[in-house]
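# Structural features, examined
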Amino acid sequence: MTEITKLFDIPRYQLKHYNLDKAFVTKYEGKWQPISTQEYINQANTISRGLLRLGIQPNDKIAVISTNNRTEWNVMDIGILQIGAQNTPIYPTISEDDYEYILNHSESILCFVSDEEVLAKVNAIKANTKLKEVYTFDAIAGAKSWKEVLELGKDESNQHEVEARMAAVKPDDLATLIYTSGTTGQPKGVMLSHKNLVSNVLDSQKRVPFENGKSKALSFLPVCHVFERMILYLYQYCGVEIYFAESIEKMSANLMEVKPNVMTAVPRLYEKVYDKIVAKGSELTGIKKKLFFWSIELGLKYEPYGANGWWYETQLKLARKLVFSKWKEGLGGHLDLMVSGSAALQPRLTRTFAAAMMPIMEGYGLTETSPVISVNDARNGGFRVGTVGRVIDNVDVKIAEDGEILVKGPNVMLGYFKEPEKTKEVMSGDYFHTGDIGEIDADGFLKITDRKKEMFKTSGGKYVAPSLIENELKQSRFIEQIMVIGEGEKMPAALIQPDFEFIKDWIKHKNLDIKLDNDSIESSPIVLDRIQKEIDKANEHFGKWEQIKKFELTPDIWTIEGGHLTPTMKMKRKVIKEMYKNLIEKIYRP
């Protein structure tokens, strides 16, 4: 078998071409435990046989909720898909109400969860759903284990039924329902077919410079996010060993243990990595400190393909030897490629990490496009700072008259589950409306300039693109989160969540007379004055009508749990506006 048309063909392709001893590696009780490609397929078949004995029919929905990425998730995924059922992954961090809505809307009849915390959430609302049973990956007293399904599938006498179900699945059949975290309203169930995801794997694969069969990846972005899920299929297709990070807190330790060649992340993580490196550099003294910051200044001017000329490249060679090589060593020593998606990546990070020989290839896509539309590739002149790369093969992008990016291709979703009207709203013939504003340059590089829905008009009739201003200001180490406001008002303003951790270090370093609690920091004239300087600096990049004239700091940290952010770390603008009504009043109607 060489042709891949369905997702469960991918593990079999890996078996034929790479047959890895370590297809997946998860840490249990302090020890990394691998399973081979053959064990992966065997376990998926066992799950399929067990599910058949539980009476699972084609098109039944099975929810999978895991706090961390792990081997079991992937075994379940293939086990579900190859009997014509659908995997409905759910974000572990959402509320019980959202769990209830998604489980009911998807009509899920079984649910597999990772741990006690998720189990408690599901059990709290189980009676209001159609769930027949909940199984756990961790061994939990009084709960049914996923191993019971494995046990049920041990008897191979119904394997012929599994094979018959596999043969009956068509490439255009529904494979998964992915509920978008949505910054407004109820989540929508995006219907993705086998063909949607398989085409995206095969067309994205041409943009990743893996040494097939010889690379290692560290995975930690939630696999319920379509970006990481497609990447995991892509790794499998390329024969990449996949290690699952224990948690975001243990990322540094896991990087040193695994020494991966590749990892994927969202911009927020790269920002945190960069800020930590800079904070360590700030602790240096004398010539070492000077060298460190000279290297960073050099990195911030980086352009690919030697565009800055021989003198810059000579200096860069020295900076790489003396400073940047240590950065790479601190992240395991073998990280040759990082991939970024989900939100805009600041150009300073693109430049500096590329200068440090760990290029971040920024891509662009949505859940509805399975997800990749375009991605940078350092080979063949395919990398341009400040863009999301060239559009991948077999996908067609056109820019509408109002600047919106429209997409057509085999990766475009089947539609929103049970919501034909909402599906119609985002489709023009075969073209999907992304809701993003962008442009394609003369060399075919796509650049995102804003979210269509987020642009607003001031009372003076001027348009403001908030994300451009926000991305500029988020480069400040004093600012953790920022939301630009001002629709219908006389001027743009901003709500800012300061980077309390950094500011506390700054207060200690400067020996300032400010208490080290969030309320004191938020109301300190010294801190306010320092943040004003950051805003003045950023304002220089914008027209008078776009400049931030006033701002207010929020005393609390913006989190997923607090309702400020979606599970993919995007701001819930309406929610934030509602939460800080009093601060907005203070800005505009003091």
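Up top is the structure.
None of the values given here were measured: they were computed from a predicted structure. (Residues numbered from 1 in each chain as written. Predicted model: local features only at pLDDT ≥ 70, side-chain atom pairs only at ≥ 80, totals over all residues. Heavy atoms only, no water.)

So, about the sheet that holds strand 12 (residues 262-265). Pairing is mixed in the open sheet, where nine strands are placed in the order 2-1-11-10-12-13-14-15-16. Whereas interior strands pair on both sides, the edge strands pair on one side only; in this sheet they are strand 2 (31-35) and strand 16 (390-391). (Pairing = 2+ DSSP bridges. Helix = DSSP H or I, 4+ residues; strand = E, 2+ residues; numbered from the N terminus.)

Attention now goes to helix 5 (residues 116-125). Turning to helix 5, its buried residues number three or more, namely V118, L119, K121, V122 and I125. What you see down the axis of helix 5 is that its buried residues fit within an arc of 160 degrees, all on one side. Exposed side of helix 5, more than 90 degrees from the buried face: E116 and E117 are the residues found there. Buried residues belonging to helix 5 abut strand 3 (61-65), helix 4 (96-106), strand 5 (108-113) and strand 6 (133-136). Two to three positions downstream of the cap, the backbone nitrogen of E117 sits 3.1 Å from a side-chain oxygen, assigning the N-cap of helix 5 to D115. (Buried < 20%, exposed > 50% of the residue type's maximum accessible area, 1.4 Å probe, protein only. Arc of directions from axis to C-beta. Contact = heavy atoms within 4.5 Å. Polar contact = N/O pair within 3.5 Å; in protein donor to acceptor, adjacent residues only side chain to side chain.)

Spatial strand order, 25-26-27: three strands in an open sheet with mixed pairing. Edge strands, defined here as strands with exactly one partner in the open sheet, are strand 25 (479-485) and strand 27 (550-553). Adjacent strand axes in the sheet meet at a mean angle of 25 degrees when their direction is disregarded. Across six bridges, the pairing between strand 25 and strand 26 (residues 493-498) is antiparallel. The partner of M483 across the bridge, within strand 26, is L495. (Axes fitted to C-alpha atoms, helices over the stretch in contact; angles between N-to-C directions.)

Moving on: the pattern of salt bridges. Throughout the structure, instances matching the rule amount to 28 salt bridges. Two residues, E72 and R70, come together in a salt bridge whose shortest N-O distance is 3.1 Å. For R70, a relative accessible area of 11% puts it in the buried group. The partner of K206 in a salt bridge is D393, with the nearest N and O atoms 3.3 Å apart. Taken as a pair, K206 in the loop between helix 8 (194-205) and strand 10 (216-219) and D393 in the loop between strand 16 and strand 17 (396-399) lie far apart in primary sequence, 187 residues in all. Judged by relative accessible area, K206 falls into the partly exposed class, the value being 43%. (Salt bridge = Lys/Arg side-chain N within 4 Å of Asp/Glu carboxyl O.)

Bear in mind that shape data such as this cannot, by itself, settle questions of function.
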